[in-house]
Amino acid sequence: MTRVAEAGAPLNRARAAVLMLHGRGGDADGMLSLAEALAQSDVAWLAPEAVGRSWYPYSFLAPLADNEPHLSAALGTLTSLLERLAKEGVPPARVALLGFSQGACLALEYAARHAQRYAAVIGLSGGLIGPEGTSRAYAGSLQDSPVFLGCSDIDAHIPLARVRETTRVLTALGGAVEERIYPGMGHGINEDEVRQLRALLSRIAAPEARA
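These numbers come from a predicted model, not from an experiment.

### A few points about the overall build of the chain
Stage number 1. The helix and strand inventory of the chain stands at 5 helices and 7 strands.
Stage number 2. In sequence order, the secondary structure elements of the chain are arranged as β-β-α-β-α-β-α-β-β-α-β-α.
Stage number 3. Taken over the C-alpha trace, the chain has a radius of gyration of 16 Å; the compact-globule value for 211 residues is 17 Å, and the two agree within 12%.
Stage number 4. Referenced to the eigenvectors of the C-alpha coordinate spread, the extents of the chain come out at roughly 45 × 35 × 30 Å.
Stage number 5. For the chain, the residues scored as buried account for 53% of the 211 residues in total.
Stage number 6. Considering only contacts within the chain whose residues lie at least 6 apart along the sequence, 79% involve residues at least 24 apart.
Stage number 7. Total accessible area on the chain is roughly 8,900 Å²; 53% of this is exposed by carbon and sulfur atoms.

Take a look at the structure:
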């Protein structure tokens, strides 16, 4: 069973919830430390932890079949968490998907495969999953969901071309995409991204934003 670390506001009074997905080798507690930096008192934070601290075994650029059945299981974890939140009164329109690195790839791929209105979709140093030339014939609509993509232009793990492709695909799916590329940053999260996410989460947790 997937461990889920939780922090922040209780679900019965949270204005929004954020599902936080760690990168390869990371853990749930590390993602909750990012929640502390984002400092949103009316948000519930839920951070699932992958078995072995990896959502799937190979690069996100590997053939999709190579990462099965782990990839499908990881996507299923998100479905289960969203179903749980909906039962507790927090529908997807009040849930943000936030991931870093491998977790960002998972969050972005999930949003593309299950396009609907989300409070936000946030990919920090990530992109859609699959090798070059993977079909991006996704169904549904993101219904103007805010999407934030932040990445370095020289990230050793995330090709810039894949970030650009992700922007194009999610925009075509109806996402309101903001892409920020940081020259020379490397693989990590910077202060500008933290500021941008604080502002975004403040908007989605505002009283008038509640569905």
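### A word on the UniProt feature "domain: Phospholipase/carboxylesterase/thioesterase" (unreviewed entry) in the chain
Stage number 1. Residues given the UniProt feature "domain: Phospholipase/carboxylesterase/thioesterase" (unreviewed entry) here are residues 10-201.
Stage number 2. For the annotated span residues 10-201, helix accounts for 34% and strand for 20% of the residues, and the straight-line distance between the end C-alpha atoms is 16 Å.

### Brief notes about the pairing of strand S2 (residues 16-21)
Stage number 1. The buried count for S2 comes to 6 of 6 residues, which makes it a mostly enclosed element.
Stage number 2. Burial along S2 is two-sided: Ala 16, Val 18 and Met 20 facing one way and Ala 17, Leu 19 and Leu 21 facing the other are all buried.
Stage number 3. Each parallel crossover has a hand, and the one from S2 via helix H1 (residues 28-38) to strand S3 (residues 43-49) is right-handed.
Stage number 4. Two strands pair when backbone bridges link them, and S2 and strand S4 (residues 95-100) are joined in this way by 5 bridges, in the parallel orientation. Across the sheet, the residue bridging to Ala 17 is Val 95, located in S4.

### So, unusual backbone geometry
Stage number 1. Between Glu 68 and Pro 69 the backbone carries a cis peptide bond, its omega angle lying at 5°.
Stage number 2. Along the chain, Pro 69 falls in the loop between S3 and helix H2 (70-87).
Stage number 3. For Ser 125, which is not glycine, the phi torsion reads 60° and is therefore positive.
Stage number 4. Checked against the element boundaries, Ser 125 lands in the loop between strand S5 (120-124) and strand S6 (146-152).
Stage number 5. The class of Ser 125 is buried, set by a relative accessible area of 0%.
Stage number 6. Phi is positive for Asp 144, close to 70°, though the residue is something other than glycine.
Stage number 7. If you trace the backbone, Asp 144 turns up in the loop between S5 and S6.

### Focus: helix H5 (residues 191-204)
Helical periodicity: at 3.6 residues per turn, an α-helix aligns residues three or four positions apart in one direction.
Stage number 1. Between its first and last C-alpha atoms H5 spans 20 Å; for 14 residues at 1.5 Å apiece the expected length is 20 Å, and the two agree.
Stage number 2. For H5, every residue scored as buried is listed here: Asp 192, Glu 193, Val 194, Leu 197, Leu 200, Leu 201 and Ile 204.
Stage number 3. Between a side-chain oxygen at the N-terminus of H5 and the backbone nitrogen of Asp 192 the separation is 3.2 Å; the capping residue is Asn 190.

### Here we look at the packing of H2 against helix H3 (residues 102-113)
Stage number 1. In contact at an axis separation of 10 Å, H2 and H3 are set at 70° when each is read in the N-to-C sense. The angle between the axes of H2 and H3 places the two elements in the roughly perpendicular class. Seen from H2, the contacting residues are Leu 71, Ala 74, Leu 75, Leu 78, Thr 79 and Leu 82; seen from H3, they are Leu 106, Tyr 110 and Arg 113.
Stage number 2. Partitioned by chemical class, the residues of the contact of H2 with H3 number 7 nonpolar, 1 polar and 1 charged.

### Here's the deal with helix H4 (residues 160-172)
Stage number 1. Over its 13 residues, H4 extends 19 Å from the first C-alpha to the last, a length consistent with the 18 Å expected when each residue adds 1.5 Å.
Stage number 2. Turning to H4, its buried residues number three or more, namely Arg 162, Val 163, Glu 165, Thr 166, Thr 167, Val 169 and Leu 170.
Stage number 3. The secondary structure elements touched by the buried residues of H4 are H3, S6 and strand S7 (176-182).
Stage number 4. Positive backbone phi, approximately 95°, marks Gly 174, located one or two places after H4.

### Digging into the pattern of salt bridges
Stage number 1. Overall, the coordinates contain 15 salt bridges when judged by the stated rule.
Stage number 2. The shortest N-O distance in the salt bridge between Arg 136 and Glu 109 comes to 3.7 Å. Pair noted here: Arg 136 is in the loop between S5 and S6 and Glu 109 is in helix H3, with a separation of 27 residues, a long-range link. We note that Arg 136, like Glu 109, is buried.
Stage number 3. The salt bridge involving Arg 195 is made with Asp 192; its shortest N-O contact spans 3.6 Å. In this pair, Arg 195 and Asp 192 both sit in helix H5, 3 residues apart, roughly one turn of the helix.

Parameters and conventions
- Residues numbered from 1 in each chain as written.
- Predicted model: local features only at pLDDT ≥ 70, side-chain atom pairs only at ≥ 80, totals over all residues.
- Heavy atoms only, no water.
- Helix = DSSP H or I, 4+ residues; strand = E, 2+ residues; numbered from the N terminus.
- Rg over C-alpha atoms; globule rule 2.2 N^0.38 Å.
- Buried < 20%, exposed > 50% of the residue type's maximum accessible area, 1.4 Å probe, protein only.
- Contact = heavy atoms within 4.5 Å.
- Areas by Shrake-Rupley, 256 points an atom, 1.4 Å probe, with all protein chains shown as cover.
- UniProt positions renumbered as here; feature names shortened; annotations may be inferred.
- Right-handed = clockwise from strand over helix to strand, strands pointing away.
- Pairing = 2+ DSSP bridges.
- Expected span 1.5 Å × (residues − 1).
- Polar contact = N/O pair within 3.5 Å; in protein donor to acceptor, adjacent residues only side chain to side chain.
- Axes fitted to C-alpha atoms, helices over the stretch in contact; angles between N-to-C directions.
- Parallel < 35°, antiparallel > 145°, perpendicular 65-115°, else oblique.
- Nonpolar A, V, L, I, M, F, W, Y, C, P; charged D, E, K, R; others polar.
- Salt bridge = Lys/Arg side-chain N within 4 Å of Asp/Glu carboxyl O.

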